[in-house]
Amino acid sequence: EEDLLFPGKKVAVLGGGMTALETAELLAQEGSDVTVIVRSDKLGKGVDPDNIVTPLEHLAEHGARISTLTTPLEYRDGAVQVRGTKTGEEYAIEADIVVTSLGEIARDQLVKELEGMCRVVAIGDSKKPGRVANAVHTAYEQAYIFNPED
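Since we're looking at a predicted model, the values are computed, not measured. Throughout this description, residue numbers start from 1 for each chain and increase along the sequence as written. Note on the predicted model: pLDDT of at least 70 is required for a residue's local features to be given, and 80 or more for side-chain atom pairs to be given and counted; whole-chain, interface and lining totals, by contrast, use all residues. With hydrogens and water stripped out, all remaining heavy atoms of the structure feed into the side-chain values.

## Quick word on the pairing of strand β6 (residues 90–94)
By the bridge criterion, five bridges tie strand β5 (residues 79–84) to β6 in an arrangement that is antiparallel. Bridging across to β6, A79 finds its partner in E94. The loop that links β5 with its antiparallel partner β6 comprises five residues; one of these, G88, has a positive phi angle of about 75°. A pair of strands is labelled paired if DSSP reports no fewer than 2 bridges between them. In this text, helices come from DSSP runs of H or I with a minimum length of four residues, and strands from runs of E with a minimum of two, each type numbered from the N-terminal end.

Laid out in structure tokens, this is it:
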């Protein structure tokens, strides 16, 4: 685990969702010099705003930088080459390590493999990426109406 925390290293975290923010938070708390690079101007898209307050406070406490409206282009020469979304200006953000947390896709491979073999109900990220609370609610509903004789 210690090898994955990169203390003393410059780390660029690509993405502004909850996973990216919590990853950046942990890295910053463990001594990494963190820059979060976000394409949009919104952090924690789809997340209850109350849930991002603590990670943002911790990031600020540990000197992490957040660069919004910034599109990552490539990694070269020890830096993430980026472009300002509004300005079109290209520049480099130094980084020894790049962590990506971009986009969400449904992970439905197992559901597809099991279809026809047994009754399958896709919930959570196997159906559509979303919040844990929604997955739990859907699972409860499905368990409530589940009939083992089907």
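## Looking at unusual backbone geometry
Despite not being glycine, L69 shows a phi value in the positive range, around 50°. Looking at the element boundaries, L69 is found in the loop between β3 (65–67) and β4 (70–76). Even without a glycine there, the phi angle at D77 is positive, about 55°. Secondary-structure assignment places D77 in the loop between β4 and β5.

## Considering the pattern of salt bridges
Salt bridge, as used here, is a side-chain nitrogen of Lys or Arg placed within 4 Å of a carboxyl oxygen of Asp or Glu. A complete count under the given rule lists five salt bridges for this structure. For R76, the salt bridge is made with E74, and the minimal N-O distance between the two is 2.9 Å. Each residue's exposure class comes from its accessible area (1.4 Å probe, protein chains only) as a fraction of the maximum for that residue type: buried when under 20%, exposed when over 50%, partly exposed otherwise. On the basis of relative accessibility, which here comes to 40%, the residue R76 falls in the partly exposed class. With its nearest N and O atoms 2.8 Å apart, the salt bridge here joins E90 to R83.

## Points about the sheet that holds strand β1 (residues 10–14)
In space, the four strands of this open sheet follow the order β3-β2-β1-β7, with parallel pairing throughout. The sheet is open, and its two borders are formed by β3 and β7 (97–100), each paired with just one other strand. Direction aside, neighbouring strands of the sheet carry axes that sit 20° apart on average. As paired elements, β1 and strand β2 (residues 33–37) share five bridges and run parallel to each other. Bridging from a neighbouring strand, K10 pairs with D33 of β2. Whenever a helix is involved, its axis is fitted only over the stretch in contact; in every case the axis is a line through C-alpha atoms, and angles between N-to-C directions fall within 0 to 180 degrees.

## Notes on helix α2 (residues 49–61)
Expected span of a helix, by definition, is 1.5 Å for each gap between consecutive residues, and there is one gap fewer than residues. Taking 1.5 Å as the rise per residue, α2 with 13 residues should run 18 Å; its terminal C-alpha atoms sit 19 Å apart, in good agreement. Every buried residue of α2 is accounted for by I52, P55 and L59. Angularly, the buried residues of α2 cover 65° about the axis, an arc narrow enough to put them on a single face. Turned more than 90 degrees off the buried face of α2, the exposed positions are D50, A60 and E61. Throughout, the arc means that of the directions going from the helix axis to the C-beta atoms.

## Re the packing of helix α1 (residues 18–29) against α2
Each pair of packed helices can be summarised by the angle the axes make with each other and by the distance between the axes. Two elements in contact, α1 and α2, have axes whose closest approach is 9 Å; the angle formed by their N-to-C orientations is 30°. It follows that α1 is roughly parallel to α2 by the angle criterion. For the pair α1 and α2, the sense of crossing is left-handed. On the side of α1, the interface is formed by M18, L21, E22, A24, E25, A28 and Q29, while α2 contributes N51, I52, T54, P55, L56, H58 and L59. An angle below 35 degrees is treated as roughly parallel, one above 145 as roughly antiparallel, one from 65 to 115 as roughly perpendicular, and anything else as oblique. Should the near helix be turned anticlockwise from the far one by less than a right angle, the crossing is termed left-handed; should it be turned clockwise, right-handed. In this analysis, two residues are considered to be in contact whenever any of their non-hydrogen atoms come within 4.5 Å of each other.

In short, the description is geometric, and any link to function would need to be established separately.
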